[in-house]
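# Report on the structure
For reference, the chains in residue letters:
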Amino acid sequence: MPNPSPGASKLQVRLPDAYQGSISWQLADAGGQIVKTGNLNALAGYASDDLDTSDLAAGIYFLQLETGVHLPLSLRVVVIKLFIFLHLLRGKCKTPIFA
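Residues numbered from 1 in each chain as written. Predicted model: local features only at pLDDT ≥ 70, side-chain atom pairs only at ≥ 80, totals over all residues. Heavy atoms only, no water.

Let us look at the sheet that holds strand 6 (residues 73–79). Strand order in this open sheet of four strands is 3-2-5-6, and the pairing throughout is antiparallel. Among the strands making up the open sheet, the edge pair consists of strand 3 (34–42) and strand 6. The mean inter-strand angle of the sheet, taken between neighbouring strand axes irrespective of direction, is 25°. (Pairing = 2+ DSSP bridges. Helix = DSSP H or I, 4+ residues; strand = E, 2+ residues; numbered from the N terminus. Axes fitted to C-alpha atoms, helices over the stretch in contact; angles between N-to-C directions.)

In structure tokens:
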């Protein structure tokens, strides 16, 4: 997933072995509230799916991945809203305002 993420992104997971099976994931906001969940099916240690962040407020989120075999993995995800940065670049907004 590109980081920071502007909206629709691709969630791609590559594991260090040839793991085949389910990978569950959850996305939590900075307060720990789970905002999205899902499952991926890994083949030969690789899994991919779309992750739509367009309905999320801009901010920092935490993505946790679990296979039941490997140690759980947590990653920080930054969701940005493109229009905020366009306004900053054009001088229309002096400070970022997050929706």
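Following the structure, the description resumes.
Core analysis: the largest hydrophobic core is formed by 17 residues, its most contacted members being Ile23, Trp25, Leu27, Leu40 and Leu63. If you list the elements that add at least two residues to this core, you get strand 1 (8–14), strand 2 (21–29), strand 3, strand 4 (46–52), strand 5 (59–66) and strand 6. With sequence-adjacent residues up to four places away left out, Leu40 is seen in contact with Leu11, Val13, Gly21, Ser22, Ile23, Trp25, Ala47, Ser48 and Asp49. (Core = buried A, V, L, I, M, F, W, Y, C linked by side-chain atoms within 4.5 Å. Buried < 20%, exposed > 50% of the residue type's maximum accessible area, 1.4 Å probe, protein only. Contact = heavy atoms within 4.5 Å.)

Here we take up the pairing of strand 2. Sheet topology places strand 2 next to strand 3; eight bridges connect them, and they run antiparallel. Note on strand 3: the bridge partner recorded for Ala28 is Ile34. Count of turn residues in the strand 2/strand 3 antiparallel hairpin: four residues, of which Gly32 carries a positive phi of about 90°. Across six bridges, the pairing between strand 2 and strand 5 is antiparallel. Among the inter-strand pairings, Trp25 is bridged to a residue of strand 5, identified as Leu65.

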